[in-house]
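# Descriptive structure summary
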Amino acid sequence: MADTADRALHPATLAAQAAGATDEQTGGVVPAVHMATTFARDESYAQLVPGNTYLRSHNENVRVAERLLTRLEGAADTLLFPSGMAAVAAVFRTVPNGASVLVQSQIYWGTTAWIRGFCARRGITLHEVEAADSDAFAAACAAHRPAIAWVETPSNPWLRIVDIAAAADAAHAVGARLVVDSTAASPVLSQPLSFGADIVMHSATKGINGHSDVLSGALCVADADSAIWQMIREDRDTAGAVMAPMEAWLLTRGMRTLPLRMREMSRNAMALAEFLSDHPQVEEVMYPGLPGHKGHALAARQMRGGFGGLLSFVVKGGAEAALRTAGRLQLFHRATSLGGVESLVEHRHTIEPHTGIPEGLLRLSVGIEDAGDLRDDLAQALGQ
Ligand code: PLP
């Protein structure tokens, strides 16, 4: 592996070259897949390759992907998990029974649902707050003194923007760790650690992998010596929520084009957001790139190079009109998830009917297809 660690390379260079990962044994310009689950020792019982004992803790393909993510996120260290939810769970398992946690309301439903159940089982007091309101977030931190404060920005599917620096100040003032789910932004568009977050979480299943063919989660930390990071690392190694070599190899391959894909997805999403904003059948468009979006100025400060591929809009006529529109789309796959090269549409109210999601809301994950083709598809589906 060529060492790029001491050079200030740009994300496009780091990603395209996987932060210098090659296969030294063959001279291959991409790393090999190492499938062995166990590693040999010599006659005197020393490890043949120092640091390699057993795959659960010593997975070279995972190390390669983690090194690249660490560089892209501007982190001190990264741990990969077999799904985004496994990464969420790894953070909350550090919270002692009886403590309290503060979690942003109306974020990815799977996160909320799991945290509610976990806290109930463990006697942890859960407080939920609209974290896009910095004052409300700071007041909740002061009132509840949580061990963990958790925000998601941009949020899925509301596209709300949280002021990370303000949230970090409020959390740190009461000794809480601020964790930011930055899935919708990816490390290319936003680096929450640079605004004071302690840990960044990603569902790497989404934009980071980018091809809808790998499940993965990541945690990236600002302080690798912190007590919480030691706990998370130890728990991953011993409890075994780890990625397999082939998945990690695919993740590294996906990340080679991450900056390119995020740029193109953001450009396409912006074009569609503008088109939908002017459409008579559309009630509201939620996209932080639009100057009229409540969090636009903040997003412009916290994000660079685009506002991502996630956008929601509300069709006039409620659930029936939204489902009719989704049903007519020909290029957008009707499927959950986001961040892949192919565009998706989802009627979130069908999936989570009791959470306040507008019945007419359609969430788009905008891919890298031609923007004109996507716009034409939306136009015919909306009936114009
Ligand atoms: N966080 C966000 C914002 C998500 O959208 C998702 C999945 O949709 C997750 C976390 C969970 O990640 P995974 O599906 O990889 O477990």
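All of these numbers come straight from a predicted model, not from anything done at the bench.

Along its sequence, the protein chain is carved into domain 1 (11–255) and domain 2 (258–382). With 37 residues of domain 1 in contact, the opposing surface of domain 2 contributes 36 residues. Between domain 1 and domain 2, roughly 2,900 Å² of surface is buried when both sides are summed, and carbon and sulfur atoms account for 63% of that area. Taken together, the connections running from domain 1 to domain 2 amount to zero salt bridges. At four residues, helix α7 (residues 186–189) tops the list of elements feeding residues into the side of domain 1 that touches domain 2. Looking at the side of domain 1 that touches domain 2 residue by residue, the classes come out as 21 nonpolar, 14 polar and two charged.

The next thing to look at is the packing of aromatic side chains. Applying the stated rule across the entire model yields four aromatic pairs. These aromatic residues form a ring-pair network of at least three members: F92, W114, F118 and W150. Here the basic side chain of R236 rests over the ring of F81, its NZ or CZ set 5.9 Å away from the ring centre.

It is the contact of helix α10 (residues 258–277) with helix α14 (residues 371–382), at a shortest axis distance of 10 Å, that shows an interaxial angle of 30 degrees. In terms of axis orientation, α10 runs roughly parallel to α14. Relative to α14, the crossing made by α10 is right-handed. Of the residues in α14, those touching α10 at N268, A271, L272, F275 and L276 are A371, L374, R375, L378, A379 and L382. When the residues that make up the contact of α10 with α14 are grouped by side-chain class, the tally is nine nonpolar, one polar and one charged.

The subject of this paragraph is the sheet that holds strand β11 (residues 344–346). Pairing is mixed across the open sheet formed by five strands, whose spatial order is β8-β9-β12-β11-β10. Lying at the two open borders of the sheet, with one neighbouring strand each, are β8 (282–286) and β10 (333–334). Set on the sheet, helix α12 (residues 318–328) makes contact with β9 (310–315), β10, β11 and β12 (361–365); between it and β9 the angle comes to about 125 degrees.

Turning to the sheet that holds strand β6 (residues 199–203), a few remarks are in order. With mixed pairing, the seven strands of this open sheet are ordered in space as β1-β7-β6-β5-β4-β2-β3. Unpaired on one side and paired on the other, β1 (77–81) and β3 (125–129) mark the two borders of the sheet. Averaged over all pairs of adjacent strands, the angle between strand axes in this sheet comes to 20 degrees, irrespective of strand direction. Here β6 runs beside strand β7 (residues 217–221); their pairing, made up of five bridges, is antiparallel. Bridging across to β7, S203 finds its partner in G217.

Moving on to the site of the ligand. Looking at the ligand, there are 14 residues lining it, with M85, D181, S203, T205 and K206 nearest. Contact distances for the ligand include 2.8 Å between an oxygen atom and a side-chain N or O atom of S203. One nitrogen or oxygen atom from the side chain of T205 is found 2.6 Å from an oxygen atom belonging to the ligand. In the complex, 91% of the free accessible area of the ligand, which totals 390 Å², lies under the protein chains. Breaking the shell around the ligand down by element, the ones donating at least two residues are α3 (84–92) and β6.

Rules and cut-offs
Residues numbered from 1 in each chain as written. Predicted model: local features only at pLDDT ≥ 70, side-chain atom pairs only at ≥ 80, totals over all residues. Heavy atoms only, no water. Domains from an automatic or database assignment. Contact = heavy atoms within 4.5 Å. Buried area = accessible area lost by both parts, 1.4 Å probe. Salt bridge = Lys/Arg side-chain N within 4 Å of Asp/Glu carboxyl O. Helix = DSSP H or I, 4+ residues; strand = E, 2+ residues; numbered from the N terminus. Nonpolar A, V, L, I, M, F, W, Y, C, P; charged D, E, K, R; others polar. Phe/Tyr/Trp six-rings, centres within 6.5 Å; stacked < 30°, edge-to-face > 60°. Lys NZ or Arg CZ within 6 Å of the ring centre and 35° of its normal. Axes fitted to C-alpha atoms, helices over the stretch in contact; angles between N-to-C directions. Parallel < 35°, antiparallel > 145°, perpendicular 65-115°, else oblique. Left-handed = near helix turned anticlockwise from the far one by under 90°. Pairing = 2+ DSSP bridges. Near = heavy atom within 4 Å. Polar contact = N/O pair within 3.5 Å; in protein donor to acceptor, adjacent residues only side chain to side chain. Areas by Shrake-Rupley, 256 points an atom, 1.4 Å probe, with all protein chains shown as cover.

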